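A structural walkthrough
Here is what each chain is made of, one letter per residue.
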Amino acid sequence: MSVRLKAYEGCPAAVGGVGKDRVNEPMIRHWCEAMGDTNPAYAGPDAVAPPTMLQAWTMGGLSGHSGRSKAYDELFAVLDEAGYTSVVATDCEQEYLRPLRPGDEITFDSVIESVSERKTTKLGTGYFVTTRTDVRAGGEPAGTHRFRILKYAPARREPKGPRSRRPHPVVNRDNAGFWQGVARHQLLIQRCGDCGTLRFPWLPGCSACGSLEWDTVEASGEGSVYSYVVMHHPRFEAFAPPYAVGLIELAEGVRIVSNVVGVPYDEVRIGLPVRLEFARFDDEDGELVLPVFRVLEGGED
């Protein structure tokens, strides 16, 4: 199997691809709003696109691209036929060669760069497939995007009895300090050590000035509902839908996603004042402490 898959390395995945939209200000604005990136370089008459948008200009959207190669389709057909029918994106790498500016026409070519040996992961057994996309703007090299996925056969899981297991956060070196604060019933916000900009969620560098220096400030706990959704589906073992999930704007100016408690889900409204509290959950994986936000008494009126 591995030998057969290796034969696809170096084959084109897409040739002569053309971005569905030129680089444009509305897409840049929407991206920056979604990411909370207020860098002034991305607005105004001399604006450039955020470098990390490189892949966005090559994506086909819901309708997809029509330029995928025969080799690319064959590779995935071989994996599907062998039972590796599931897919998950694992990581990407980008290299930037020149800024992208509104009006640039994006063209690109993609190649199947590598197919790994068979690997076993917690999700299941499968193969990592890496494609490399060379992006051009106005015919000039603009950047390279490597995208890696795992095509796998899902691992069989033994059915378990009913339980109320709350999902536990993934703690890594970038956010460990935040979760340590939560365990102490503190909601910590990162503060740039150079420009003083507050940021949340936690990131290794400042989105305003790029500095890697930072410290923390403790949130006062006061805030309001900036936006919210009511979850009906999908159903999870630890939750009883419907329930409200809010985007909370803290008094310090940053926003956090959390549960809104203290009123029925259908009484949550934008602008409701809320106050931080910490909820404890016990399950077979041990104690879990999470920040939630309770609507202040009288706030629902």
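Per the UniProt entry, the sites bearing "domain: ChsH2 C-terminal OB-fold" (unreviewed entry) are residues 217–278 in this numbering. Secondary structure content for residues 217–278 is 0% helix and 53% strand, and the end C-alpha separation is 18 Å.

A word on the pairing of strand β12 (residues 255–261). By the bridge criterion, five bridges tie strand β11 (residues 243–250) to β12 in an arrangement that is antiparallel. By the bridge assignment for β12, Glu249 is matched with Arg255. Here β11 hands over to β12 after four residues, with Gly253 in that stretch at a positive phi of 105°.

Turning our attention to the pattern of salt bridges. Counted by the stated rule, this structure contains 18 salt bridges. Here Glu74 and Lys70 are joined by a salt bridge, their closest N and O atoms 4.0 Å apart. Of this pair, Glu74 and Lys70 are both found in helix α3 (residues 70–81), four residues apart, which corresponds to roughly one turn of the helix. Since its relative accessible area comes to 64%, Lys70 is described here as exposed. Within the structure, one salt-bridge network assembled from shared partners comprises Glu113, Arg132, Asp134 and Arg146.

Turning to the nonpolar core, a few remarks are in order. Among the nonpolar cores identified, the biggest contains 24 residues, and Leu187, Val225, Ile248, Leu250, Val260 and Phe293 are the most heavily contacted of them. The set of elements that each furnish at least two residues to this core consists of α4 (176–183), β7 (188–192), β11, β12, β13 (273–283) and β14 (286–295).

Moving on: unusual backbone geometry. The peptide bond linking Phe200 to Pro201 adopts the cis configuration, its omega dihedral lying at 5°. Here the bond from Pro241 into Pro242 is cis, since omega is 0°, no more than 30 degrees from zero. At His185, a position not held by glycine, the phi torsion is positive, near 65°. Summarising the element assignment, His185 is placed in the loop between α4 and β7.

In this structure, Met1 sits in the segment before α1 (2–6). Expressed as a C-alpha distance, the spacing of Met1 and Met27, which sit 26 residues apart in the sequence, is 42 Å. Those residues within four positions of Met1 in sequence are excluded, and the remaining contacts are Val78, Leu79, Ala82, Tyr84 and Tyr127.

The side chains of a regular strand alternate, first on one face of the sheet and then on the other. Strand direction decides the pairing type here: strand β2 (residues 86–96) and strand β6 (residues 140–154), joined by 10 bridges, are antiparallel. Pairing of Asp91 across the sheet is with Arg148, part of β6. With 14 bridges joining them, strand β5 (residues 124–137) and β6 adopt antiparallel strand pairing. Opposite Gly126, over in β6, you have Tyr152 as the bridge partner. Hairpin remark: β5 followed by β6, antiparallel, with two residues in the connecting loop; positive phi at Gly138, about 60°.

This part takes up α3. In a regular helix each residue adds 1.5 Å, so 12 residues correspond to 16 Å; α3 covers 16 Å between its end C-alpha atoms and thus fits that length. Residues Ala71, Tyr72, Leu75, Phe76, Val78 and Leu79 constitute the buried set of α3. Buried residues of α3, seen end-on, are gathered within an arc of 150° and therefore sit on one face of the element. The exposed residues of α3 that point more than 90 degrees off its buried face are Lys70 and Glu81. For α3, the elements touching its buried residues are α1, β1 (12–18), β3 (106–115), β5 and β6. Downstream of α3 by a residue or two, Gly83 has a phi angle that is positive, lying close to 100°.

Reading guide: rules and limits
- Residues numbered from 1 in each chain as written.
- Predicted model: local features only at pLDDT ≥ 70, side-chain atom pairs only at ≥ 80, totals over all residues.
- Heavy atoms only, no water.
- UniProt positions renumbered as here; feature names shortened; annotations may be inferred.
- Helix = DSSP H or I, 4+ residues; strand = E, 2+ residues; numbered from the N terminus.
- Pairing = 2+ DSSP bridges.
- Salt bridge = Lys/Arg side-chain N within 4 Å of Asp/Glu carboxyl O.
- Buried < 20%, exposed > 50% of the residue type's maximum accessible area, 1.4 Å probe, protein only.
- Core = buried A, V, L, I, M, F, W, Y, C linked by side-chain atoms within 4.5 Å.
- Contact = heavy atoms within 4.5 Å.
- Expected span 1.5 Å × (residues − 1).
- Arc of directions from axis to C-beta.

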